[in-house]
Amino acid sequence: VKHSSEGTVPWPAEDAERYRAEGYWEDRPLGAWVHEAAQRFPDRTAVVDGADGTRMSYAELVDRADAAAERLLGLGLRRDDRVLVVLPNGWQFVVLTLACFRAGIIPVMALPAHRRYELRFLGNLAEARAIVAADEIKGFDYQELADELRPEVPTLEWTLVSGVPREGNVGLEELLRPGEDPAGARARLDAAAPAGTDPALFLLSGGTTGLPKLITRTHNDYAYNIRACSAVAGLTEDSVYLVSMPVSHNFPLACPGVLGALFLGARVVTLPSPNPARAFPVIAQEAVTITAVVPAVAQKWIEHQEEHRTDQLGTLQVLQVGGSRMPDELARRVRPVLGCTLQQVFGMAEGLINMTRLDDPEEVVCTTQGRPVSPADEIRIVDALLEDLPDGTPGAILTRGPYTPRGYYAAPEANAKSFEEGGWYASGDIVERRPDGNLIVQGRDKDMINRGGEKVSAEEIESLVYQIPGLSIVAAVSMPDPVLGEKVCLYAQMAGEDPLTLEQVQEHLKKAGVAAYKIPEKVVVVDEIPTTKVGKIDKKALRADIAQRMSLQA
Ligand code: J2J
């Protein structure tokens, strides 16, 4: 495999120079930051796996990561090769990711929820040479999935498996074992370390167009993302960070997340799910000080605590909440019920992260989504003609800065849509900026459904549903949900007499290998899908229609 370097859009030279001169970019690979922490605190606990009880010191973490980096290279992987990562939360994810950073191998951060459809696409787009997955999760066999993918993703040569590998697959725990010569491995990897401007990882975009997109994050920009978020989240070497949301998401990975903790010599605790009955005792046992969740989980935690009045949250200082809009009323219950400081986070895998500050007045914390974490983040709020709007007037947000890349990976069409002249990224969010600089997310003008923080592209679902015969027009829209905020609803206009059923749609998408969170949970067949004056599907009318139908039902 020879990778095309034109896939990644670099920052213009003059911006790069400024980011260096002003100290945002340090030209130091991600692995070096963790090694530095390990040098300062070799005996401190770096990682605790709350599921299998594994505990790992910093010395052991970097030893395992370096040994694994050399073993990955020994297999035949090379620097700049891409590896499709489909691992659940656990120590293996942490060590493997660090090993990739050390070797200059690029992890593609997929989700365990992804299935054949997503992984085939991502594997081919990234030209992945290996896939790393668990043997099975809740009865789902990932080795079988990998076997199905191998012929569909011709670049794939290795399947790495956590748990019990089948014949021909590589055992991940074996690969991640400590090495014989940590100092030697370290020196060899340091000597061949990736440059700051090299790609470090691929994140998945929330998706507004029909196809998923990859976001190249470089060592320089991601290291700064991590450090800026750590500072604003008050992370120190004494912090204990719990990750219970899928760790391959940017938020729990790097805002400040697992990597923020590992940069500082703090402790990471992993759990495969945020279920409060499981997470709360772990928070107490491990003295967790900070964690990140989506609003739907924050709500579950608040309800659990109100019901059980546990004494398990005594050490928790900061609850970061982001990924979808947190209702103000929910935000107001965090401190009284959970006894910790709420930090709202409005972020995106494409870069820009906004946070409320830990010492902000309660009014700011509960009614805004905060402000940029970096003084170098540039923001504009604009109208449809890209004219700047005054504070207090909602408009489309545009942004650029030292950790917001200037384009998607190998996606010129998506780039033309999402990046404006001058390199501004248009996230598709409708935002109001208050005079104090804090942002309020008022809505969005992108065709995406935000299901409890998991993003679903309407266009992607529609194009898959069109494969079902008998359809004239389909439209995927969000429907309100009291817990998740939004769920996927499908409107259909039939060509003939036969109606479309929910079961039919669900079965079709499941067979197509689509992740469960994207599958519509309601189907509404109508005589005629409404259109706007210019002849586009009127999704606003459909969203209003489903909201009304549901309120009538309730
Ligand atoms: C409303 N919408 C929000 C919020 C994200 C930190 C936090 C979140 C993400 C993330 C992330 C929102 N209120 N507080 O990467 O590092 C919606 C917006 C945004 C999109 C990005 C991080 N926080 N959103 O959610 O790449 O629509 O990143 O453009 O998955 O989520 O989605 P994603």
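The structure presented is a predicted model; accordingly, all values stated were derived computationally and were not measured.

Asks: Teacher, can you tell me more about the environment of Thr399 here?
Replies: Its place among the elements puts Thr399 in strand β20 (residues 395-400). The buried category is assigned to Thr399, whose relative accessible area is 2%. For the pair Thr399 and Ala426, spaced 27 residues apart in the sequence, the C-alpha separation amounts to 6.8 Å. Residue contacts for Thr399: discarding those within four places in its chain leaves Leu352, Glu378, Ile379, Thr404, Gly423, Trp424 and Tyr425. A distance of 2.9 Å separates a polar side-chain atom of Thr399 from the backbone oxygen of Glu378.

Asks: Just checking my understanding: could you explain the site of the ligand for this structure?
Replies: Close to the ligand lie 20 residues; Val345, Ala349, Asp429, Lys446 and Lys455 are nearest. The contact in question runs from a nitrogen atom of the ligand to an N or O atom on the backbone of Ser324, over 3.4 Å. One of the side-chain N or O atoms of Asp429 is found 2.5 Å from an oxygen atom in the ligand. Expressed as a share of its isolated accessible area of 610 Å², the protein-covered part of the ligand is 94%. Elements represented by at least two residues in the shell around the ligand include exactly α10 (250-254), β16 (341-348) and β24 (448-451). With four residues, β16 is the single largest residue contributor to the shell around the ligand. Residues belonging to the shell around the ligand are distributed by class as follows: nine nonpolar, six polar and five charged.

Asks: Can you help me understand the sheet that holds strand β26 (residues 471-481) in this one?
Replies: Note: strands within a sheet are paired through backbone hydrogen bonds, in either parallel or antiparallel orientation. If you walk across this open sheet you meet the three strands as β26-β27-β28, and the pairing is mixed. Each end of this open sheet is capped by a strand with a single partner; those strands are β26 and β28 (522-525). Geometrically, the sheet is characterised by an average inter-axis angle of 25 degrees between neighbouring strands, direction not taken into account. In the packing of helix α19 (residues 539-553) onto the sheet, the strands contacted are β26, β27 (485-494) and β28, and the crossing angle to β26 comes to about 60 degrees.

Asks: Help me understand the domain arrangement of the protein chain, please; the structure alone is not making it clear to me.
Replies: Much of the literature gives interface size as the accessible area that the parts lose upon coming together. When its domains are assigned, the protein chain resolves into domain 1 (28-43 + 56-194) and domain 2 (448-553). The distance between the C-alpha centroids of domain 1 and domain 2 comes to 37 Å. Each partner contributes to the interface: domain 1 provides seven residues, whereas domain 2 provides 11 residues. For the domain 1 and domain 2 pair, buried surface summed over both sides reaches about 660 Å², with 50% attributable to carbon and sulfur atoms. Taken together, the connections running from domain 1 to domain 2 amount to one salt bridge. Residue Lys518 is joined to Glu118 by a salt bridge in which the shortest nitrogen-to-oxygen separation is 2.9 Å. The interface formed by domain 1 and domain 2 includes five residue pairs in polar contact (both at pLDDT 80 or more). Considered class by class, the residues forming the side of domain 1 that touches domain 2 number three nonpolar, one polar and three charged.

Each value, and the rule that gives it
- Residues numbered from 1 in each chain as written.
- Predicted model: local features only at pLDDT ≥ 70, side-chain atom pairs only at ≥ 80, totals over all residues.
- Heavy atoms only, no water.
- Helix = DSSP H or I, 4+ residues; strand = E, 2+ residues; numbered from the N terminus.
- Buried < 20%, exposed > 50% of the residue type's maximum accessible area, 1.4 Å probe, protein only.
- Contact = heavy atoms within 4.5 Å.
- Polar contact = N/O pair within 3.5 Å; in protein donor to acceptor, adjacent residues only side chain to side chain.
- Near = heavy atom within 4 Å.
- Areas by Shrake-Rupley, 256 points an atom, 1.4 Å probe, with all protein chains shown as cover.
- Nonpolar A, V, L, I, M, F, W, Y, C, P; charged D, E, K, R; others polar.
- Pairing = 2+ DSSP bridges.
- Axes fitted to C-alpha atoms, helices over the stretch in contact; angles between N-to-C directions.
- Domains from an automatic or database assignment.
- Buried area = accessible area lost by both parts, 1.4 Å probe.
- Salt bridge = Lys/Arg side-chain N within 4 Å of Asp/Glu carboxyl O.

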